[in-house]
Amino acid sequence: MMEDFNSETDSDYTSYWRDWFISSRGNEYFCEIDEEYLTDRFNLTGLNTEVPYYQYALDLVTDVFDLDADDDLREQIEKSARHLYGLVHARYIVTTRGLAKMVDKYKKGDFGKCPRVACEGHPLLPTGQHDVANTSTVRLYCSKCEDIYNPKSSRHASIDGAYFGSSFTSMLFQVYPALLPEKSVARYEPRIYGFRVHASAALARWQDRYREETRARLRDAGVEVKYAEDDEDDEREDDEDEVEADEADARGARVAGDAASARMDIGN
């Protein structure tokens, strides 16, 4: 909120809006946008249709806001100013100057470290999965394992992903290829009492699971298939049935023999 900024007058507040925004808790992912970039209308093309109270919001961001507005209107303008700054930020960080600022924050670990143990605390970069606002929140990209993660802080997790865009991380490593780390090849090895689980066991489980998934897909498509293992299973079942039938016949013969012996004993 605007009251969070420690200033004596409204003019002091508007003179340092960007400083207040960058230093606010939850905005650590953002870098400061140069005033020259903000005042160049070409860089703001199309944003007037996406941001309510656009002109007032721009005046607030560029420190020329001078409007005697009530608290409700001022709060709406403040909200629009934050949204405008985020949208401009996505454009700024893919410029030469913006990339350099984000690289400095990346090297200092301002975006956090990868939670994957095998990445050994490699620094992360904020990224968006979409370029359209209000579609998804920001994610954190690890260039070592090439995966994305949710921010730990709820303040960071609520930031719109469009404020960083989907092209930023790729652009950064195109401009600074020396920052690309060696890919992580270390993998966790399951063990039982210190002994590694044999790879054939994992392969057999994977094969069984893949076979069942394939069979389910074919069944859904109206195709019935049989595997060689199925024929072996059928043969085993047939053999078991024959054995059971022979055992049943043997039991029947024993019962019949016992009954005949009983009748002979009675006759005698």
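Above this text sits the structure in question.
Each value, and the rule that gives it
- Residues numbered from 1 in each chain as written.
- Predicted model: local features only at pLDDT ≥ 70, side-chain atom pairs only at ≥ 80, totals over all residues.
- Heavy atoms only, no water.
- Axes fitted to C-alpha atoms, helices over the stretch in contact; angles between N-to-C directions.
- Helix = DSSP H or I, 4+ residues; strand = E, 2+ residues; numbered from the N terminus.
- Parallel < 35°, antiparallel > 145°, perpendicular 65-115°, else oblique.
- Contact = heavy atoms within 4.5 Å.
- Buried < 20%, exposed > 50% of the residue type's maximum accessible area, 1.4 Å probe, protein only.
- Pairing = 2+ DSSP bridges.
- Phe/Tyr/Trp six-rings, centres within 6.5 Å; stacked < 30°, edge-to-face > 60°.
- Patch = residues over 30% accessible without salt bridge, like charges linked within 9 Å, V, L, I, M, F, W, Y side chains within 5 Å.
- Areas by Shrake-Rupley, 256 points an atom, 1.4 Å probe, with all protein chains shown as cover.
- Salt bridge = Lys/Arg side-chain N within 4 Å of Asp/Glu carboxyl O.
- Lys, Arg positive; Asp, Glu negative; His and termini not counted.
- Charge placed at Lys NZ, Arg CZ, Asp CG, Glu CD.
- 1 Å grid on protein atoms, 1.4 Å probe; cavity = no way out; pocket = protein on both sides within 12 Å on 5 of 7 lines; lining within 4 Å.
- Points joined across faces, edges and corners; volume = space filled by probe spheres on them.

> Tell me about the packing of helix H6 (residues 96–108) against helix H8 (residues 168–175), residues and numbers included.
Where H6 contacts H8, the axes come no closer than 11 Å and their chain directions differ by 90°. Relative to H8, the element H6 is oriented roughly perpendicular. Where H6 approaches H8, its residues Leu99, Met102, Val103 and Tyr106 are matched on the opposing element by Phe168, Met171, Leu172, Phe173 and Val175.

> Break down the pairing of strand E2 (residues 139–142) for me, citing the residues and quoting the values.
Burial along E2 is two-sided: the face carrying Arg139 and Tyr141 and the face carrying Leu140 and Cys142 are both buried. In the sheet, strand E1 (residues 125–127) pairs with E2 via three bridges, with the strands oriented antiparallel. Residue proline 126 lies in a different strand from E2, and its bridge partner there is leucine 140. Pairing geometry for E2 and strand E3 (residues 147–149), over three bridges, is antiparallel. Paired with cysteine 142 across the two strands is aspartate 147, which belongs to E3. Hairpin geometry of E2 and E3 is characterised by an intervening segment of four residues between the two adjacent antiparallel strands and by a positive phi of about 55° at glutamate 146.

> How would you explain the sheet that holds E2 if you had to name every residue and give the values?
The strand order E1-E2-E3 describes an open sheet built from three strands, whose pairing is antiparallel. Looking at which strands have only one partner, the edges of the open sheet turn out to be E1 and E3. The average undirected angle you get between the axes of adjacent strands in this sheet is 40°. Set on the sheet, H8 makes contact with E1 and E2; between it and E1 the angle comes to about 135°.

> Residues and numbers for the side chain of histidine 83, please.
The residue histidine 83 is located in helix H5 (residues 71–92) in this model. When its relative accessible area of 15% is taken as the criterion, histidine 83 is described as buried. Apart from residues no more than four positions distant in its own chain, histidine 83 is found in contact with Glu50, Val51, Ala133 and Tyr163.

> Provide a residue-level description of the packing of aromatic side chains, including the pertinent values.
For the coordinates displayed, the defined rule picks out 13 aromatic pairs. Ring geometry for tryptophan 17 against phenylalanine 21: centres 5.2 Å apart, planes inclined by 10°, an arrangement best described as stacked. Residue tryptophan 17 and its partner phenylalanine 21 are both found in helix H2 (residues 17–23); the two are separated by four residues, about one turn of the helix. An identical accessibility class is assigned to tryptophan 17 and phenylalanine 21; each is buried. Geometrically, the ring pair formed by phenylalanine 30 and tyrosine 163 is tilted, given 6.1 Å between the ring centres and 50° between the ring planes. A residue pair is termed long-range when its members are at least 10 positions apart, and phenylalanine 30 in the loop between H2 and helix H3 (35–38) and tyrosine 163 in the loop between helix H7 (154–157) and H8 qualify at 133 residues. Among the aromatic residues, those joined into a ring-pair cluster are Trp17, Trp20, Phe21, Tyr29, Phe30, Tyr85, Phe111, Tyr163 and Phe164.

> Lay out unusual backbone geometry with the relevant residues and their values.
Of note in the backbone geometry, aspartate 63 takes a positive phi value of approximately 70° without being a glycine. Residue placement: aspartate 63 occurs in the loop between helix H4 (54–61) and H5. In this model, tyrosine 193 sits at a positive phi of 55°, which is unusual for a non-glycine residue. Along the chain, the position of tyrosine 193 falls in the loop between strand E4 (191–192) and strand E5 (195–196). Residue tyrosine 193 is classed as exposed on the basis of its relative accessible area, which comes to 81%.

> I'd love a proper account of the environment of proline 181, names of residues and values included.
Tracing the backbone shows proline 181 in the loop between H8 and E4. Taking the C-alpha atoms as reference points, proline 181 and cysteine 145, 36 residues apart in sequence, are found 9.5 Å from one another. Among all residues touching proline 181, those that are not within four sequence positions of it are His122, Ser143 and Lys144.

> Which residues make up a negative patch on the surface, and what values go with them?
On the surface, Asp66, Asp68, Asp70, Asp71, Asp72 and Glu75 cluster together to form a negatively charged patch. As for its placement among the helices and strands, glutamate 75 is situated in helix H5. Using a relative accessible area of 41% as the deciding quantity, one classes glutamate 75 as partly exposed.

> Give a description of the layout of surface pockets that names residues and reports values.
Estimated volume of the largest pocket: approximately 600 Å³. What lines the largest pocket is a set of 23 residues, and nearest its centre among them are Phe21, Asn27, Lys79, Arg82 and Tyr163. The greatest single-element share of the lining of the largest pocket, amounting to six residues, is contributed by H5.

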